[in-house]
Amino acid sequence: MASFEVIGGNRLKGDIIPQGAKNEALQVLCAVLMTSEPVTISNLPDIVDVNKSIELLRNLGVKVSRTAPDTYTFQADNINLDYLETESFVKLGRSIRGSVMIAGPMLARFGMCKLPKPGGDKIGRRRMDTHFVGLQKLGATFSYDSHDSFFHIEAKQLKGTYMLLDEASVTGTANILMAAVLAEGTTTIYNAACEPYVQQLCRMLNRMGARISGVGSNLLIIEGVEKLSGTEHRLLPDMIEIGSFIGLAGMTGSEITIKNCQISELGLIPETFQRLGIQMEFRGDDIFIPAQDHYEIDTYIDGSILNVSDHTWPGLTPDLLSVALVVATQAKGTALIHQKMFESRLFFVDKLIDMGAQIILCDPHRATVIGQNKQIPLRGIRMTSPDIRAGVALLIAALSADGTSIIDNVEQIDRGYQNIDGRLNTLGAQIRRI
Ligand SMILES: CC(=O)N[C@H]1[C@@H](OP(=O)(O)OP(=O)(O)OC[C@H]2O[C@@H](n3ccc(=O)[nH]c3=O)[C@H](O)[C@@H]2O)O[C@H](CO)[C@@H](O)[C@@H]1O
Ligand SMILES: C=C(OP(=O)(O)O)C(=O)O
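Residues numbered from 1 in each chain as written. Chains lettered and ligands numbered in written order. Predicted model: local features only at pLDDT ≥ 70, side-chain atom pairs only at ≥ 80, totals over all residues.

Draft legend 1. Layout of the overall build of the chain. A tally of regular secondary structure across the chain gives 14 helices and 23 strands. Taking 2.2 N^0.38 as the reference for a compact globule, 434 residues should give roughly 22 Å; the C-alpha atoms of the chain span a radius of gyration of 22 Å, in line with that estimate. In terms of overall dimensions, the chain has a C-alpha envelope of 65 × 50 × 45 Å along the principal axes. Counting all 434 residues of the chain, 51% fall into the buried class. Counted over contacts in the chain with a minimum sequence separation of 6, partners at least 24 positions apart contribute 72%. (Helix = DSSP H or I, 4+ residues; strand = E, 2+ residues; numbered from the N terminus. Rg over C-alpha atoms; globule rule 2.2 N^0.38 Å. Buried ≥ 20, exposed ≤ 12 C-beta atoms within 10 Å, placed from the backbone. Contact = placed C-beta atoms within 7 Å.)

Draft legend 2. Summary view of the UniProt feature "binding site: UDP-N-acetyl-alpha-D-glucosamine" (unreviewed entry) in the chain. When the UniProt feature table is mapped onto this chain numbering, "binding site: UDP-N-acetyl-alpha-D-glucosamine" (unreviewed entry) sits at Arg 97, Asp 319 and Met 341. C-beta crowding within 10 Å serves as the criterion here: with 19 such atoms nearby, Arg 97 is assigned to the partly exposed category. The residues touching Arg 97, leaving out its near neighbours within four places in the chain, are Leu 26, Pro 118, Gly 119, Gly 120 and Thr 171. Beyond its immediate sequence surroundings of up to four residues, Asp 319 is in contact with Ile 240 and Arg 389. (UniProt positions renumbered as here; feature names shortened; annotations may be inferred.)

Draft legend 3. Structural view of the site of ligand 1. Surrounding ligand 1, one finds 20 residues, the nearest of these being Asn 23, Ser 169, Val 170, Thr 171 and Met 341. Those elements that provide at least two residues to the shell around ligand 1 are α1 (22–31) and α6 (170–181). It is α6 that provides the largest number of residues to the shell around ligand 1, a total of 3 residues. Residues that form the shell around ligand 1 fall into these classes: 7 nonpolar, 7 polar and 6 charged. Each of domain 1 (3–19 + 237–433) and domain 2 (22–234) contributes no fewer than three residues to the shell around ligand 1. (Near = placed C-beta within 6 Å. Nonpolar A, V, L, I, M, F, W, Y, C, P; charged D, E, K, R; others polar. Domains from an automatic or database assignment.)

Draft legend 4. Representation of the site of ligand 2 in the model. Around ligand 2, a shell composed of Lys 22, Asn 23, Asp 49, Arg 97, Gly 120, Asp 121, Asp 319, Ile 388, Arg 389 and Gly 416 is seen. Mapped onto the shell around ligand 2, the elements with two or more residues apiece are α1 and α12 (388–400). Its residues placed into classes, the shell around ligand 2 shows 1 nonpolar, 3 polar and 6 charged. Each of two domains, domain 1 (3–19 + 237–433) and domain 2 (22–234), supplies a minimum of three residues to the shell around ligand 2.

Draft legend 5. Spatial organisation of the nonpolar core. The biggest cluster of nonpolar side chains holds 138 residues, and the ones touching the most others in it are Leu 107 and Leu 177. The leading source of residues in this core is α12, at 10 residues. Split by domain, the residues of this core number at least three in each of domain 1 (3–19 + 237–433) and domain 2 (22–234). (Core = buried A, V, L, I, M, F, W, Y, C linked by C-beta atoms within 7 Å.)

Draft legend 6. Region of interest: the UniProt feature "active site" (unreviewed entry) in the chain. The sites that carry the UniProt feature "active site" (unreviewed entry) are, in the present numbering, Asp 121. Looking at where Asp 121 falls in the secondary structure, it is placed in the loop between β6 (112–116) and α5 (129–137). We classify Asp 121 as buried; it has 20 C-beta atoms within 10 Å.

Draft legend 7. The arrangement of α12 in detail. For α12, which comprises 13 residues, the first-to-last C-alpha distance of 19 Å matches the rise-based estimate of 18 Å (1.5 Å per residue) to within 8%. By the criterion of burial, α12 is predominantly enclosed, with 13 of the 13 residues buried. (Expected span 1.5 Å × (residues − 1).)

Draft legend 8. Molecular detail of the packing of α1 against helix α7 (residues 196–207). Contact geometry for α1 and α7: axes closest at 9 Å, N-to-C directions at 30°. Here α1 lies roughly parallel to α7, going by the angle between them. With respect to the hand of their crossing, α1 and α7 are arranged in right-handed fashion. Contact residues: α1 offers Asn 23, Glu 24, Gln 27, Val 28 and Ala 31, while α7 offers Tyr 197, Gln 200, Leu 201, Met 204 and Leu 205. Here the contact of α1 with α7 is built from residues that sort into 6 nonpolar, 3 polar and 1 charged. (Axes fitted to C-alpha atoms, helices over the stretch in contact; angles between N-to-C directions. Parallel < 35°, antiparallel > 145°, perpendicular 65-115°, else oblique. Left-handed = near helix turned anticlockwise from the far one by under 90°.)

Draft legend 9. The arrangement of the domain arrangement of the chain in detail. By domain assignment, the chain separates into domain 1 (3–19 + 237–433) and domain 2 (22–234). Using C-alpha coordinates to define each centre, domain 1 is positioned 31 Å away from domain 2. The partner domain 2 presents 15 residues to the 17 residues of domain 1 that form the contact. Across the side of domain 1 that touches domain 2, the residue classes break down as 5 nonpolar, 5 polar and 7 charged.

Draft legend 10. Structural view of the sheet that holds strand β17 (residues 306–309). In space, the 4 strands of this open sheet follow the order β17-β18-β20-β19, with mixed pairing throughout. Edge positions in the open sheet fall to β17 and β19 (358–363), since each of these has one partner strand only. Going from strand to strand, the sheet's axes swing by 20° on average, the running direction of each strand aside. Bridge count between β17 and strand β18 (residues 334–338): 4 bridges; the pairing is parallel. The residue bridging Leu 306 from the neighbouring strand is Ala 335, located in β18. Sheet contacts for helix α10 (residues 321–328): β17, β18 and β20 (366–370); angle to β18, the most-contacted strand, approximately 165°. (Pairing = 2+ DSSP bridges.)

Draft legend 11. Representation of the environment of Asp 363 in the model. Structurally, the position occupied by Asp 363 is in strand β19. Under the C-beta neighbour-count criterion, Asp 363 is labelled exposed, with 9 such atoms within 10 Å. Spatially, the C-alpha atom of Asp 363 lies 38 Å from that of Thr 188, the residues being 175 residues apart in sequence.

Draft legend 12. Here's a closer look at unusual backbone geometry. Cis rather than trans, the peptide bond between Trp 313 and Pro 314 has omega equal to 15°. Summarising the element assignment, Pro 314 is placed in the loop between β17 and α10. For Asn 260, which is not glycine, the phi dihedral falls at a positive 45°. Here Asn 373, not a glycine, exhibits a phi torsion of approximately 50°, which is positive. Residue position: Asn 373 is located in the loop between β20 and β21 (382–384).

So this is what it looks like as structure tokens:
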């Protein structure tokens, strides 16, 4: 198990380029299975989850060639369905969330898919019903083996239909959408997720010959086509990494420019951090954050306490609430952090409390944070990263703290942040991998 030793208290300075988006990568990598022609994807981050997805594709028989450090060409013209029966598939499938998104493409192209319950963060219940109910509505038959947690789905011919999803699941929408693209007739998906990840997947599929309209809304209409062709696709910058860097800059009083952010795709993320008191300027497509000795949390118009909560897109993504929470600990003022979607994502506040933060965990979903206005800095301690975003929030806390911290289990952070220690050290951080 790897750890970071972090010497806190340094101000960072300089430019940083966000990596390509992890959660978009996991979707579009599965979409290469939709055609026998070459698909080139660029701006792929070199992170554990993406590399595991690529390994999964390679093991399925996809030809993979790396043409630049962040660019790969994939050709799924000779898929080995027997791989789905192997131990290697079970192990790899269980280790990442993204593996679930092979279901839609495999079903559409090969009439079947088997897959183990996917991995990803342990942040509460992560049910898969929306995925499989949607695929069943397209005509697939489905079974689940609770002994080995295996899903099995098959269909001779998928048929378009109308469906109203019971929740706007991000990966569920991607799965159903990919199956519907090659179904016979028209599919309407209402209450579809519309995160930039899903929008990018739709744009990529349309370039491959799909006929999807309503992109960016929660009503997708898909006219089925017989086959798709190859394409080239570039990932958006990772909006969660951009939000993490904004929080890092505010918390450590650093002057940082985050380059090429595609600001128009960030939704409420910049505004959320502005309301927590972090100043920023949009300079073209860069976000400049000036060094700030103090920052103050906004209140509502009537003076009541700010509530930072997640919502399906275009609401605030749940993946940034841990960072927002840590930022609030050193602000002037009080905020309620309300994580509506996941019930086990706020427990990491124990570590922040050990560092000296003033937080009341009201229940598994809500924490009240009383900011210290940087008058009492956090103290460095030893802690373990429970999940990817709590891990990065703890790293930000450690970088702002007095003294040295050790963060264990940084494999969680490595799942989604490319060379985070190296990149932050070039800005003046002191992080050592031990
Ligand atoms: C690989 C990937 O892309 N992972 C992301 C994806 O996971 P993933 O696609 O697995 O998450 P889902 O969108 O399916 O759902 C996330 C959680 O929110 C709940 N839920 C969801 C929609 C809804 O309208 N109401 C509701 O309560 C679900 O029951 C579940 O507990 O989306 C999550 C929600 O943005 C993000 O945290 C994950 O980083
Ligand atoms: C929860 C996350 O990822 P995953 O769905 O891969 O566990 C995340 O990216 O914050």
